[in-house]
Amino acid sequence: MAKIVGLPKLSPTMEEGTLAKWVAQEGDTIEVDDLLAEVETDKATMEFRSFDKGVLLKILADEGDTLEPDTPVAIIGEEGEDIADLIEEAKNYSPKSDSDSDSDSDSKSKSKSKSDSEPESKSEPESKSGSNTAAAQKPQRKSGDRIFASPLVRRMAREEDVDLADVEGSGPHGRIIKRDLDAFLEGGGARKKSSSSGAAGWERKAPVVEKASQMRKAIARRLTESKQTVPHFYLTIDVDAEGLIATRQQMNGSLDGEKVSFNDLIIKAAAVALRRYPKANASWIDGEIHWHQVVDVSVAVAVDEGLVTPVVRDADRKGVLDISREVKDLAVRARDKKLSLEEMQNGTFSISNLGMYGIEEFAAVINPPEGALLAVGALRDAPTIRDGELAMGKRMKLTLSCDHRVVDGAVGAQYLQVLQRLLETPSTMLL
Amino acid sequence: MRELRYREAVREAIREEMEADEKVFLMGEEVGHYQGAYKVSEGLLSQFGEKRVIDTPIAEAGFAGIGIGAAMTGLRPVIEFMTWNFSFVAFDQIISNAAKIRQMSGGTFDVPIVFRGPNGAAKQVASQHSHSVDPFYTNIPGIFVVMPATPRDAKGLLKTAIRCNDPVIFLEGETLYNVKGEVPDEGEEELIDLGRGRIGREGSDCTIVAFGRPYYEAMQAAEKLAQDGIECEIVDPRTLRPLDIELLAESVRKTHRCVVVHEHWPYGGPGAEIVDQLQREAFDWLDAPIARVGSLDVPMPYASNLEDFVLPTVERITDAVRNVSYAK
């Protein structure tokens, strides 16, 4: 008996998913747990595996379609079954009314069926005055077709602020020539709306509108929620980094080719500091305070579309080299969108480092429900006091973003003090 | 203003410069006793004597080289090639010596010399004697190339060329020698700067760049087109190297269309150079690609009807103008 297969909810927070790729094809025999498709969600590209066995009789959703969970995407049944009714049923499917208040307004209209989905709205918005008949007649040009126009016409169009897409060309290959543009303007052809053209010869174009990816939407939603509901405050401490530099040199000198980074050492130190001063390792969740018993550090990794925060579990208990290897592996897989959901969830504390871009210090947005986040600035040359003497030294600024509901000013400050001591004298991490 | 033939205008220029400066002399085949193969130098031998109007053997490489040497030592030779076709045997003297001496001597020597004679096709002189040599000489840095179309331009430009301290290639035309045109009266000296063009006819719809003999075909084409309401502007650069690109571009910026007419073959040459410079200087003003009308890409046939077919005709010019004007 054939059945409609709906898009499964592949993560707890998934409100919609984009069908990235069909792996199974119509006519394929499917076993339970066979890979049907890859689906891009707010978290990662997830595997969509079959709960049923049978033959994939019909694919109902195209690659690239963005759909809500449960939207029909395929029909699985036995070879040769009549599925006309099911196809009809799938066509008439309408998403359950969604009364969740936290879903942003535009996501509701997302589950467009194929038929009414518009082509990518990447082109600049057009504006035309419908009042004039000459101008209202749009030339028969397929979207994406090149507009041929003489250099003179292109210059005139810039100066007159005319969109050449509205002008019919009478020259060879449909080239728009002076005569065509003159006729268009005499007929009251429409100028572009923005008559506030800039300096002569400079074309002021409208923004290019692009659909946000699932990841961008997730970032937008989570960070807006964080900044609007979490009372942030920020503490900055300036750390003498000489000891850290020396320790890293010693470590790398003893390694055969492998290298640990400053960031690896800072992850380790921040984790040890949380173990020694656990008050900063807490979350506010629904009116309760969760005192974490493990130290799981989320590490912000920039990827093409935005950023993800894979988690280094038990970072306080791991050696720096293990941390280093783990972070490298997580970063590579993050860029390939191959991280599993588990690897990106349930951190207890975050670290974000923009030092490599020369950022001296910055205040980051907390990754809820974590209670604090450490923002790491650049290593810099700075005067420092050593043995009571002014000397040239290396320093680094660390800024802790705290959720005031669980981490008060004094708590955050004492945590930073502990961390400062560990970073300035890394051997004390061994104690 | 009086009317003179082209040949008389050239003769007047030589005579006046010889009268004004005793260092100027004329040398070439049959320039003296025969009074010039095309009678350009008629009367000059009796006026200036054999020391300043010198008949040479048929030895272009020789008298071109002698001229260059004379120029290096302070004289101002005017070297006549009976036609420019014969200059090919003197090509090495011109390209390797005349055009190079100033540079190779580190500025020690000037070479104030004029090479002149008829260029292009005459009537039925066949392929070996019908060359338009302007593409060959305009390619050479270190020399000026002048190609006047009218008697007035010929006189004014030749006088300037003789006074110029660098080699000048002066291209006249066998079929131009009988052309009549206005020339300033005797005593009214006119010098025309090298590198300056001239508007031959004003118009608003299409620029025709034309020089040498086809200037007249372009003029006829413009008259024909005017009857259909297409007003052409004719610009004669007069000097092909250096080129008065600003005058040409100014015209094209006004008319938005351009046809370049030349007698030389279509591959390269000043015709192509003009198109190249114009498309850069006037790109944003062009409503159509620039067109060219030249001789067909073949050795000149001897048959009269075929010769007419190969040379740029009035009809081919009008067709080209209609084409760039998107007119039928």
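Data block above holds the structure.
Now for a quick tour of the structure. (Residues numbered from 1 in each chain as written. Chains lettered and ligands numbered in written order. Predicted model: local features only at pLDDT ≥ 70, side-chain atom pairs only at ≥ 80, totals over all residues. Heavy atoms only, no water.)

## Some thoughts on the environment of Ala-327 of chain B
As for its placement among the helices and strands, Ala-327 of chain B is situated in the segment after α12 (314-324). In this structure, the C-alpha to C-alpha distance between Ala-327 of chain B and Asp-228 of chain B, residues 99 residues apart in sequence, is 10.0 Å. Setting aside residues up to four positions removed in sequence, Ala-327 of chain B forms contacts with Arg-179 of chain A together with Ile-230 and Arg-322 of chain B. (Helix = DSSP H or I, 4+ residues; strand = E, 2+ residues; numbered from the N terminus. Contact = heavy atoms within 4.5 Å.)

## Some remarks on α12 of chain B
Residues and elements named next belong to chain B. Within the span of α12, buried status applies to Val-314, Ile-317, Thr-318, Ala-320, Val-321, Arg-322 and Val-324. At its buried positions, α12 is contacted by β10 (206-210), α8 (214-227), β11 (232-236), β13 (258-261) and β14 (291-293). At the exit of α12 stands Tyr-326, carrying a positive phi of roughly 50°. (Buried < 20%, exposed > 50% of the residue type's maximum accessible area, 1.4 Å probe, protein only.)

## Quick word on the pairing of strand β2 (residues 24-28) of chain B
All names here are of chain B. Taking burial as the measure, the 5 residues of β2 include 5 buried ones, the bulk of the element. Burial along β2 is two-sided: the residues Val-24, Leu-26 and Gly-28 and Phe-25 and Met-27 are all buried. As judged from the 3 bridges shared by β2 and strand β3 (residues 53-55), these two strands associate in the parallel manner. The residue of β3 that forms the bridge with Met-27 is Ile-54. (Pairing = 2+ DSSP bridges.)

## A word on the pairing of strand β11 (residues 288-291) of chain A
Residues and elements named next belong to chain A. The pairing of strand β10 (residues 282-285) with β11 spans 4 bridges and is classified as antiparallel. Bridging from a neighbouring strand, Ala-282 pairs with Trp-291 of β11. From the end of β10 to the start of β11, which pair antiparallel, there are 2 residues, and Asp-286 there has a positive phi angle of about 50°.

## Overview of the sheet that holds strand β5 (residues 45-49) of chain A
Taking strand neighbours across the sheet as the criterion, the 4 strands line up as β5-β4-β2-β7 (chain A) in an open arrangement whose pairing is antiparallel. The sheet terminates laterally at β5 and β7 (66-67) of chain A, the two strands that pair on one side only.

## Side note on the nonpolar core
Leu-374, Tyr-415 and Leu-419 of chain A are the most contacted members of the largest nonpolar core, which has 77 residues in total. For this core, the element with the most residues is helix α8 (residues 262-276) of chain A, which contributes 9 residues. Ignoring any residue separated from it by four or fewer positions in sequence, one finds Leu-374 of chain A in contact with Ile-266, Ala-270, Phe-349, Ser-350, Ile-351, Ser-352, Leu-398, Thr-399, Leu-400, Leu-416 and Leu-419 of chain A. One finds Leu-157, Ala-161, Leu-176 and Val-321 of chain B within the second-largest nonpolar core, a separate group that totals 55 residues. (Core = buried A, V, L, I, M, F, W, Y, C linked by side-chain atoms within 4.5 Å.)

## Things to note about the pattern of salt bridges
Scanning the entire structure with this criterion turns up 52 salt bridges over all chains. In this structure, Asp-238 of chain A and Arg-395 of chain A form a salt bridge, with 3.1 Å as the shortest nitrogen-oxygen distance. Taken as a pair, Asp-238 of chain A in strand β9 (residues 232-240) and Arg-395 of chain A in strand β18 (residues 389-403) lie far apart in primary sequence, 157 residues in all. Judged by relative accessible area, Asp-238 of chain A falls into the partly exposed class, the value being 23%. The salt bridge partner of Arg-257 of chain B is Asp-287 of chain B, with a shortest N-O separation of 3.2 Å. Pair noted here: Arg-257 of chain B is in the loop between α9 (245-255) and β13 and Asp-287 of chain B is in the loop between α10 (269-281) and β14, with a separation of 30 residues, a long-range link. Each member of the pair Arg-257 of chain B and Asp-287 of chain B is classed as buried. In the salt-bridge network here, residues are joined through shared partners; they are Arg-2, Glu-12, Glu-16, Glu-17, Lys-155, Lys-159, Arg-163, Asp-185 and Glu-189 of chain B. (Salt bridge = Lys/Arg side-chain N within 4 Å of Asp/Glu carboxyl O.)

## Concerning the environment of Ala-303 of chain B
All names here are of chain B. By the secondary structure assignment, Ala-303 is in the loop between β14 and α11 (304-310). In this structure Ala-303 comes out as partly exposed when scored by relative accessible area, which is 28%. Put simply, Ala-303 and Val-125 are 178 residues apart on the chain and 9.6 Å apart in space, counted from C-alpha to C-alpha.

## Some points on the packing of aromatic side chains
Aromatic ring pairs: the centre-centre distance and the angle between the two ring planes describe each pair. Residue and element names in this part refer to chain B. Scanning the model with the defined rule gives 10 aromatic pairs over all chains in all. Look at Phe-91 and Tyr-137: their rings are 5.3 Å apart centre to centre, the planes differ by 70°, and that puts the pair in the edge-to-face class. Of this pair, Phe-91 sits in helix α4 (residues 91-98) while Tyr-137 sits in helix α6 (residues 134-138); the two residues are 46 residues apart in sequence, bridging distant segments of the chain. Grouped by ring-pair contacts, the aromatic residues Phe-63, Phe-81, Trp-84, Phe-91, Phe-115 and Tyr-137 constitute a single cluster. A cation sits over an aromatic face here: Lys-39 above Tyr-34, 3.8 Å from the ring centre. (Phe/Tyr/Trp six-rings, centres within 6.5 Å; stacked < 30°, edge-to-face > 60°. Lys NZ or Arg CZ within 6 Å of the ring centre and 35° of its normal.)

## A few points about empty space enclosed by the protein
Residue and element names in this part refer to chain B. Under the counting rule described, the total for this entry stands at 6 cavities of 30 Å³ or more. Roughly 120 Å³ of internal volume is contained in the largest cavity. Surrounding the largest cavity, 13 residues form its lining, Ser-130, His-131, Ser-132, Trp-265 and Ser-295 being those nearest its centre. (1 Å grid on protein atoms, 1.4 Å probe; cavity = no way out; pocket = protein on both sides within 12 Å on 5 of 7 lines; lining within 4 Å. Points joined across faces, edges and corners; volume = space filled by probe spheres on them.)

## Side note on the packing of α8 of chain B against α12 of chain B
Working note: a packed helix pair is described by the angle between its axes plus the distance between those axes. Residue and element names in this part refer to chain B. Relative orientation of the contacting elements α8 and α12 amounts to 55°, with a least axis distance of 9 Å. The angle between α8 and α12 places the two elements in the oblique class. Helix-helix and strand crossings are classified by hand; for α8 and α12 the assignment is right-handed. When α8 is examined against α12, the residues Glu-217, Ala-218, Gln-220, Ala-221, Lys-224 and Leu-225 are found in contact with a partner set consisting of Val-314, Ile-317, Thr-318, Val-321 and Arg-322. (Axes fitted to C-alpha atoms, helices over the stretch in contact; angles between N-to-C directions. Parallel < 35°, antiparallel > 145°, perpendicular 65-115°, else oblique. Left-handed = near helix turned anticlockwise from the far one by under 90°.)

## Here we look at the sheet that holds strand β12 (residues 239-241) of chain B
All names here are of chain B. Across the sheet, 7 strands lie side by side as β3-β2-β4-β5-β7-β6-β12; this open sheet has mixed pairing. Strand pairing shows two members of the sheet lacking a second neighbour, β3 and β12, which therefore form its edges. Strand-to-strand twist in this sheet, taken as the mean axis angle between neighbours without regard to direction, amounts to 20°. Sheet analysis places strand β5 (residues 114-118) next to strand β7 (residues 168-172), joined by 5 bridges and oriented parallel.

That is the geometry; function is a separate question.
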